[in-house]
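Here's the letter readout for the chains.
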Number of protein chains: 2
Amino acid sequence: MNTQTIALHLREHNLKVTPQRLKIVESLNTYGHLNIDMLYAEVQKSYPSVSLATVYKNIALMTEKQLLEEVKIPESKSVFEVKKAPHHHLHCRRCGKIEDVVIDCSGICRIAEEKSGYLVERTETVFSGLCPDCRSGS
Amino acid sequence: MNTQTIALHLREHNLKVTPQRLKIVESLNTYGHLNIDMLYAEVQKSYPSVSLATVYKNIALMTEKQLLEEVKIPESKSVFEVKKAPHHHLHCRRCGKIEDVVIDCSGICRIAEEKSGYLVERTETVFSGLCPDCRSGS
DNA sequence: CATCAAACGATAATTATTTTCCTTAAATAA
DNA sequence: TTATTTAAGGAAAATAATTATCGTTTGATG
Ligand SMILES: [Mn+2]
Ligand SMILES: [Mn+2]
Ligand SMILES: [Zn+2]
Ligand SMILES: [Zn+2]
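Residues numbered from 1 in each chain as written. Chains lettered and ligands numbered in written order. Predicted model: local features only at pLDDT ≥ 70, side-chain atom pairs only at ≥ 80, totals over all residues. Heavy atoms only, no water.

S.K.: Sorry if this is basic, but what is going on with the protein's contact with DNA strand D here?
M.R.: In the vicinity of DNA strand D, 18 residues are found, and the nearest of them are Thr18, Gln20, Arg21 and Thr54 of chain A together with Tyr56 of chain B. Backbone atoms, meaning sugar and phosphate, make up 75% of the atoms of DNA strand D lying within 4 Å of the protein. Within the backbone of serine 51 of chain A, a nitrogen or oxygen atom sits 3.2 Å from a phosphate oxygen of DNA strand D. At 3.3 Å from a phosphate oxygen of DNA strand D is found a side-chain nitrogen or oxygen belonging to asparagine 58 of chain A. Those elements that place two or more of their residues in the surface near DNA strand D are α2 (19-31) and α4 (52-64) of chain A together with α4 (52-64) of chain B. Sort the elements by how many residues they give to the surface near DNA strand D and α4 of chain A lands first, with 4 residues. (Near = heavy atom within 4 Å. Polar contact = N/O pair within 3.5 Å; in protein donor to acceptor, adjacent residues only side chain to side chain. Helix = DSSP H or I, 4+ residues; strand = E, 2+ residues; numbered from the N terminus.)

If you want it as structure tokens, here you go:
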């Protein structure tokens, strides 16, 4: 996703296109999943005078507008990502890496509905363990 | 789980059996999943002079000792529960109810491993939607 | 009951997040 | 291009959440 596309998305949501916002979204495009502190550090690289409040305000705003999404990971800080098609997450307990994985969960989802009587609209799964690198002791 | 059993569990982990701790665990037994504020309010009912710090300290301690477990729910505060066999959660976006559901996830778990090369040790799923009550407009 | 360490409550300190308010800059139209 | 409008930025204050400190109390043990 390039700058033009990001700008377009911001405008679609009636958000002004500012360099700080572009940088936030670009950082997320580059790294996938970042927490507040990492995001602040990234933006600071390009805009040393950026305020932490600006990062907070923009993340909150863009998350509200469904441009970004918060992912809650067991035993660690929430990370944010650019919203995309529904998917699930892998989390390495050793190096902290977070990766996407697309899996069809309709099966267990249907079972959950049958067992509980709930109407399930959304399923979020986090698989925790060891990534390939950390598995092989490297 | 009765008071004696809870006391036993506390002692097993070298934790002194205090009325505040008993009340915390009893509250979780009664309500299943509670966040910090609800837990503090519950303990206050029996011990009006309890300190919020005591609740925080005990939750942290008992979670470390694996007596309790934190559950992170999308778009809402973390809740705590007494640790039990692995299971998943249902969350009603309307009334906030949180329920357990036992589902075999070994299938999608294996698929996640194959797709990613990760070694998956733990799978946490939160199904969000509407509980039976909220479904039927009540 | 006496002893001792752990836990408690009160409160201070720290960390995280949100709000305020004035200045700056993006969007839009002249 | 420039002027106007308004949202967004930065700095700092305010608030919320969590953790640490410390003197006192209490549970465990003998
Ligand atoms: Mn993702
Ligand atoms: Mn549960
Ligand atoms: Zn790893
Ligand atoms: Zn409900």
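S.K.: Before we go on, may I ask you to explain the nonpolar core in this structure?
M.R.: General note: in soluble globular proteins, nonpolar side chains tend to be found buried as a group. With 28 residues, the main nonpolar core has Ile103, Ile108 and Phe127 of chain A together with Ile103, Ile108 and Phe127 of chain B as its most contacted residues. Going through the elements one at a time, β3 (88-92), α5 (106-116) and β5 (119-130) of chain A together with β3 (88-92), α5 (106-116) and β5 (119-130) of chain B are the ones with two or more residues in this core. Not counting residues within four places of it along the chain, the set of residues in contact with phenylalanine 127 of chain B comprises Ile108, Cys109, Ala112, Val120, Arg122 and Thr123 of chain A together with His88, His89, Leu90, His91, Val101 and Ile103 of chain B. (Core = buried A, V, L, I, M, F, W, Y, C linked by side-chain atoms within 4.5 Å. Buried < 20%, exposed > 50% of the residue type's maximum accessible area, 1.4 Å probe, protein only. Contact = heavy atoms within 4.5 Å.)

S.K.: Where do I start with α4 of chain B in this structure?
M.R.: Note: α-helices contain 3.6 residues per turn, so residues at a spacing of three or four share the same orientation. Residues and elements named next belong to chain B. Look at α4: 18 Å from first C-alpha to last across 13 residues, which is about the 18 Å you get at 1.5 Å a residue. Of the positions making up α4, those classed as buried are Val55, Asn58, Ile59 and Met62. Looking straight down α4, one finds its buried side chains confined to an arc of 100°; they lie on one side. Structural note: α4 exposes Lys57 and Glu64 on the side pointing more than 90 degrees away from its buried face. The inward-facing, buried residues of α4 abut α1 (3-12), α2 (19-31), α3 (36-46), β1 (68-71) and β2 (79-82). Measuring from the backbone nitrogen of alanine 53 back to the side-chain oxygen at the start of α4 gives 3.1 Å, which picks out serine 51 as the cap. Downstream of α4 by a residue or two, glutamine 66 has a phi angle that is positive, lying close to 70°. (Expected span 1.5 Å × (residues − 1). Arc of directions from axis to C-beta.)

S.K.: Quick question: what am I supposed to make of the sheet that holds β3 of chain A here?
M.R.: Whether parallel or antiparallel, the strands of a sheet pair through hydrogen bonds between backbone atoms. In spatial order, the strands read β4(A)-β3(A)-β5(A)-β5(B)-β3(B)-β4(B); together these 6 strands make up an open sheet with mixed pairing. Strands with a single pairing partner mark the edges of an open sheet, and in this sheet they are β4 (98-101) of chain A together with β4 (98-101) of chain B. Each neighbouring strand pair of the sheet contributes to a mean axis angle of 25°, computed without reference to strand direction. Summarising the sheet, β3 of chain A and β4 of chain A pair through 4 bridges and their orientation is antiparallel. Looking across to β4 of chain A, one finds that histidine 89 of chain A is bridged to aspartate 100 of chain A. Strands β5 of chain A together with β3, β4 and β5 of chain B of the sheet are contacted by α5 of chain A, whose axis makes an angle of about 120° with β5 of chain A. Packing against the sheet, α5 of chain B makes contact with β3, β4 and β5 of chain A together with β5 of chain B, and its axis sits at approximately 120° to β5 of chain B. (Pairing = 2+ DSSP bridges. Axes fitted to C-alpha atoms, helices over the stretch in contact; angles between N-to-C directions.)

S.K.: Got a minute to help me understand the interface of chain A and chain B in this structure?
M.R.: Quite often, the size of an interface is put as the accessible area lost when its parts meet. In this complex, chain A contributes 39 residues to the contact, which on the side of chain B involves 39 residues. Summing the contributions of chain A and of chain B, the shared interface buries around 3,300 Å²; its carbon and sulfur component is 58%. Linking chain A with chain B are 4 salt bridges. In this structure, glutamate 75 of chain A and arginine 122 of chain B form a salt bridge, with 3.8 Å as the shortest nitrogen-oxygen distance. Inspection of the chain A/chain B interface yields 23 residue pairs in polar contact (both at pLDDT 80 or more). Of all the secondary structure elements, the ones that give two or more residues to the side of chain A that touches chain B are β3, β4, α5, β5 and α6 (132-135) of chain A. Ranked by residues supplied to the side of chain A that touches chain B, first place goes to β5 of chain A with 12 residues. For the side of chain A that touches chain B, the residue count by class is 20 nonpolar, 8 polar and 11 charged. (Buried area = accessible area lost by both parts, 1.4 Å probe. Salt bridge = Lys/Arg side-chain N within 4 Å of Asp/Glu carboxyl O. Nonpolar A, V, L, I, M, F, W, Y, C, P; charged D, E, K, R; others polar.)

S.K.: I keep staring at the coordination of the zinc ion (ligand 4) and nothing clicks. Help me out?
M.R.: For a metal with four tetrahedral donors the ideal donor-metal-donor angle is 109.5 degrees, while six octahedral donors give ideal angles of 90 or 180 degrees. Residues and elements named next belong to chain B. Donor atoms from the polypeptide that coordinate the zinc ion (ligand 4) comprise Cys92 (SG), Cys95 (SG), Cys131 (SG) and Cys134 (SG), at 2.2 to 2.3 Å from the metal. Considering all 4 donor atoms around the zinc ion (ligand 4), the spread of angles at the metal, 105 to 114°, places the coordination shape in the tetrahedral class. Along the chain, the residues donating to the zinc ion (ligand 4) fall in the pattern C-x2-C-x35-C-x2-C. Remark: cysteine 131 occurs in the loop between β5 and α6 (132-135) and cysteine 92 occurs in strand β3; sequence separation between them is 39 residues. A relative accessible area of 0% places cysteine 92 in the buried class. For cysteine 131, a relative accessible area of 0% translates into the label buried. (Donors = N, O, S within 2.8 Å, 3.2 Å for Na, K, Ca; no water. Tetrahedral: all angles 85-135°; square planar, octahedral: opposite > 155°, others 65-115°.)

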